[in-house]
Amino acid sequence: MQQIYLDNAATTPVRPEVEEVMQPYFCEKYGNPSGIYKMASECRQALETVRKQIGETLKVSAEEIYFTSGGTESDNWAIKSTAQRLKEKGKHIITSKIEHHAVLNSCAYLETQGFEVTYLDVDEWGCVRFDALQRAIRKDTILISIMYANNEVGTIQPIGQIGKIAKENDIFFHTDAVQAYGQIPIDVKRENIHLLSASAHKFNGPKGVGFLYIDKRVPVMSYIHGGKQERNHRAGTENVAGIVGMGKAAEIAFAAQKEREKRVQQMRDYLMKKLCEEIPYCRINGSVARRLPGNCNVSFQFIEGNELLLLLDDKNICASAASACSTGDTAPSHVLTAMGIPEKLARGTLRLTIGYQNTQDEIDYTIKCIKEAVKKLRENAEDYRIYKENFSCNMI
Ligand SMILES: *Cc1c(COP(=O)(O)O)cnc(C)c1O
């Protein structure tokens, strides 16, 4: 039985076309891009081609794109160095309660360094409220960091409105777009985004490579000190093969974005509909209207998400309970908690994230397996038995 991979928000398979363009940079074109001979300058040229290409996907200039080791580094760089650079102006930062830990823990670190951070609440759909954002802004606010789309429940944030508020108040705006880049349209100019993080392995590129877009108006600070790479701001010999792979992955992601979005979303809508129809006591988490195309996040009452995952793994289905980062963690997800989902229900959560490679047959098989697994787990669940004995109608 083949593997059915429905964890595309955790990482994605590298496309064969991407692997192919990376290959020569390991054993043939292995020059250090900082060298002066032809093989080195060929590598340098390859990097600059990708920089230009990535810049074009966001309609910004190549000089505003900086290569990094991925989403986590981009978030750390954006938040910590902007804070460091602007600390004379103020020491207040605004973010949300549903950010990725790369953002949350960067902010927590800054709190130990004398910065103050406001963590905005979200509504029941996982959307940041802009009235709360308006109220949180102070004279000493130097940065707003709100993710483009959430990795657990898929909610797409009202980025245009947030950017507008940031602009009106003359505050820099960073967005973690790791889940959004290549999946849905992004318009950094219209949405007033000053800094944007992305990661190649979330759009069918290799792991360990990503980029940070830094608007020319933002005073950039060196992040990793050493050589002169990335215009003196991020030292270290570049991951040439990885960057070349990221360029190809971005090219493919943007070329077929609309068609892929439509196809993936159709499978996702079908999946959500069937799960709700065929399994009682189940609820979809997150916004239905403002949602990443491939994301399905669903809670089943009376069961443990981790136990469901193990039964699905027996059927060769890869899925996730809340997010890959909370595996082994018994606390319910911080995202579901912020959305006000009761702990008991949050514990029975399953995240299925669809990618370009998934098929309708895989979705049908997965629905069948989930249905059987949930039934089996509930047969052994004490509170489910008690509930059934006391209530005859399906209330939820
Ligand atoms: C995956 C992810 C990250 C981390 O990216 P890495 O490249 O794995 O470090 C950050 N933010 C979000 C929203 C993500 O989904």
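Cut-offs and rules
- Residues numbered from 1 in each chain as written.
- Predicted model: local features only at pLDDT ≥ 70, side-chain atom pairs only at ≥ 80, totals over all residues.
- Heavy atoms only, no water.
- Helix = DSSP H or I, 4+ residues; strand = E, 2+ residues; numbered from the N terminus.
- Rg over C-alpha atoms; globule rule 2.2 N^0.38 Å.
- Buried < 20%, exposed > 50% of the residue type's maximum accessible area, 1.4 Å probe, protein only.
- Contact = heavy atoms within 4.5 Å.
- Areas by Shrake-Rupley, 256 points an atom, 1.4 Å probe, with all protein chains shown as cover.
- Lys, Arg positive; Asp, Glu negative; His and termini not counted.
- Charge placed at Lys NZ, Arg CZ, Asp CG, Glu CD.
- Near = heavy atom within 4 Å.
- Polar contact = N/O pair within 3.5 Å; in protein donor to acceptor, adjacent residues only side chain to side chain.
- Pairing = 2+ DSSP bridges.
- Axes fitted to C-alpha atoms, helices over the stretch in contact; angles between N-to-C directions.
- Core = buried A, V, L, I, M, F, W, Y, C linked by side-chain atoms within 4.5 Å.
- Domains from an automatic or database assignment.

Trainee: Please clarify how the overall build of the protein should be interpreted in this entry.
Mentor: Within the protein, the regular secondary structure consists of 14 helices and 12 strands. On C-alpha atoms alone, the protein measures out to a radius of gyration of 22 Å, which is about the 21 Å that the 2.2 N^0.38 rule sets for 396 residues. In terms of principal-axis extent, the alpha carbons of the protein reach across some 75 × 55 × 35 Å. In the protein, which comprises 396 residues, the proportion classed as buried is 56%. Partitioning the contacts of the protein with sequence separation of at least 6, the portion at a separation of at least 24 is 74%. Accessible surface, the protein as shown: approximately 17900 Å² in total, 52% of it carbon and sulfur. Side-chain charges in the protein split into 50 positive and 50 negative, and the spacing between the mean points of these groups amounts to 3 Å.

Trainee: Help me understand the site of the ligand in this model?
Mentor: Around the ligand, 13 residues are found, and the nearest of them are T72, D176, Q179, S199 and K202. The contact in question runs from an oxygen atom of the ligand to an N or O atom on the side chain of S199, over 2.6 Å. At 2.8 Å from an oxygen atom of the ligand is found a side-chain nitrogen or oxygen belonging to K202. In isolation the ligand exposes 380 Å². Once the protein is present, 87% of that is buried. A total of 3 residues in the shell around the ligand trace back to one element, the largest contributor, which is helix α4 (residues 71-86).

Trainee: Would you explain the sheet that holds strand β9 (residues 282-284) in this entry?
Mentor: Judged by pairing direction, the sheet is antiparallel, and its 3 strands sit side by side in the order β9-β10-β12 without closing on themselves. The sheet is open, and its two borders are formed by β9 and β12 (349-353), each paired with just one other strand. Going from strand to strand, the sheet's axes swing by 25° on average, the running direction of each strand aside. Of the pairings in the sheet, the one linking strand β10 (residues 295-300) to β12 comprises 5 bridges and is antiparallel in character. By the bridge assignment, N295 is partnered in β12 with T353.

Trainee: What is the right way to look at the environment of T141 in this model?
Mentor: Note that T141 resides in strand β5 (residues 141-145). Residue classification places T141 among the buried positions, given a relative accessible area of 2%. Spatially, the C-alpha atoms of T141 and T12 are 36 Å apart, while their sequence positions differ by 129 residues. If we skip the residues at most four places from it in the chain, T141 touches H92, I94, A136 and I171. Within the structure, T141 has its side chain in polar contact with the backbone nitrogen of R138 (distance 2.8 Å).

Trainee: Quick question: what am I supposed to make of the pairing of strand β7 (residues 195-199) here?
Mentor: Consecutive residues of a regular strand have side chains that alternate between opposite faces of the sheet. Counting buried positions along β7 yields 5 of 5 residues, so the element is predominantly enclosed. Here β7 shows no split at all, with L195, S197 and S199 on one side and L196 and A198 on the other all buried. With 3 bridges connecting them, strand β6 (residues 172-176) and β7 associate as parallel partners. Considered in β7, the bridge of D176 is made with S197.

Trainee: For this particular structure, what's the right way to read the nonpolar core?
Mentor: Nonpolar side chains tend toward joint burial in soluble globular proteins. The biggest cluster of nonpolar side chains holds 63 residues, and the ones touching the most others in it are L58, I144, Y148, Y181, I186, L196 and F211. For this core, the leading source of residues is helix α8 (residues 240-255), giving 8 residues. When we break this core down by domain, the ones giving at least three residues each are domain 1 (4-11 + 257-386) and domain 2 (16-255). If you look at the next biggest cluster of nonpolar residues, it comprises 30 residues, including V264, C296, A321 and V374.

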